[in-house]
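If you want the building blocks of each chain, they are given just below.
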Amino acid sequence: MKKPLWILLIASLIAGCYYDNEERLYPKLDQACDTVGVAFAKTILPILQTNCYGCHSTTENANSGGSNNLEDFTILKQLVDPGKFYGSIVQDPSGKPMPKGGVKLDTCAITKIKIWIDHGALNN
Ligand code: HEC
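Each chain has its residues counted from 1, running along the sequence as written. Per-residue local features are limited, in this predicted model, to residues with pLDDT of at least 70; the limit for side-chain atom pairs, both in listing and counting, is 80 or more; totals at the level of whole chains, interfaces and linings are taken over all residues. Side-chain figures throughout are based on the complete set of non-hydrogen atoms in the structure, without hydrogens or water.

Peer 1: Which residues make up the pattern of salt bridges, and what values do they have?
Peer 2: Salt bridges are defined by distance alone: a side-chain nitrogen of Lys or Arg within 4 Å of a carboxyl oxygen of Asp or Glu. According to the stated counting rule, one finds 2 salt bridges in the structure shown. One salt bridge connects K77 with D81, and the closest N-O pair in it is separated by 3.2 Å. Residues D118 and K114 are paired through a salt bridge, measuring 2.9 Å at the closest nitrogen-oxygen approach. With D118 and K114 both in helix α8 (residues 107-118) and 4 residues apart, the pair spans about one turn of that helix. Numbering of helices and strands starts at the N terminus; helices are DSSP runs of H or I of at least 4 residues and strands are runs of E of at least 2.

Printed below as a string of structure tokens:
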């Protein structure tokens, strides 16, 4: 009669641990958003590559990005400074809603971009 009890105990321990781990692996977005040391090359570029360069790259912008080649830092900066870039990603009236026809960037990506802009939108 002792053996089944042990098995039950071990099984419940494993289940308990697994549940804990799952919660730690998938915390709420706000807690997972790493905003330490935000920099263009490390933080912002990957967001643009994934979500924007499909239309706004050197090879694509002539056709699909409305001549806004975001791969060119000078052009990017010209859109950042008057607030058009930020307006686009937060989808307020100061920019055209982007990504065009796609899903709005997640809160974490927007937060990182805001930090980058607030620190002078450097090419760092
Ligand atoms: C499916 C293609 C597509 C994607 C993806 C896309 N854009 Fe655009 N974007 C366009 C087009 C086309 C325009 C030109 C204006 C228009 O037609 O709305 C534009 C214009 C812009 C402008 C200029 C807006 C203005 O007010 O003049 C900005 C800034 C911009 N996009 C940023 C972004 C950012 C940032 C992303 C990624 C998060 C992105 N776009 C993703 C197609 C796209």
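Peer 1: Requested: an account of the site of the ligand, with residues and values cited.
Peer 2: Taken together, 20 residues lie near the ligand, and C52, C55, H56, M98 and K100 sit nearest. A distance of 2.7 Å is found between a nitrogen atom of the ligand and a side-chain nitrogen or oxygen belonging to H56. In this structure, an oxygen atom belonging to the ligand sits 3.0 Å away from a side-chain N or O atom of K100. With respect to the detected pockets, the ligand is housed in the largest pocket. Sorting the residues of the shell around the ligand by element identifies α4 (53-56) and α7 (84-90) as the ones contributing at least two each. No other element matches α7, which puts 4 residues into the shell around the ligand. Residue proximity to a molecule or strand is established when one non-hydrogen atom of the residue lies within 4 Å of it. Think of a polar contact as two N or O atoms within 3.5 Å of one another; within protein, one of them needs to be a possible hydrogen donor and the other a possible acceptor, and neighboring residues in sequence only count if both atoms come from side chains. Here a cavity is any set of points on a 1 Å grid over the protein atoms alone where a 1.4 Å probe fits but cannot get out, and a pocket is any open set with protein on both sides within 12 Å along at least 5 of 7 lines; a residue lines the site when it has an atom within 4 Å of a point. Assignment to a cavity or pocket requires that more than half of a molecule's atoms be within 2 Å of the site's grid points.

Peer 1: Explain the coordination of the iron atom of the ligand residue by residue, including any values.
Peer 2: In this listing, donors mean N, O and S atoms no farther than 2.8 Å from the metal, or 3.2 Å for Na, K and Ca; water is missing from the atoms, so a site can look incomplete. Distances from the iron atom of the ligand to its protein donors, H56 (NE2) and M98 (SD), fall within 1.9 to 2.2 Å. For a four-donor site, all angles between 85 and 135 degrees give tetrahedral; for four or six donors, opposite pairs above 155 degrees with the remaining angles between 65 and 115 give square planar or octahedral; all remaining cases count as irregular. Around the iron atom of the ligand, the 6 donor atoms are arranged such that angles at the metal cover 85 to 178°; this shape is classified as octahedral. With H56 in helix α4 and M98 in the loop between α7 and α8, this pair connects stretches of sequence that are 42 residues apart. Relative accessibility decides the category of a residue: with a 1.4 Å probe and only protein chains considered, values under 20% of the type maximum give buried, values over 50% give exposed, and everything between is partly exposed. Look at H56 and you get buried, because its relative accessible area is 11%. Using a relative accessible area of 21% as the deciding quantity, one classes M98 as partly exposed.

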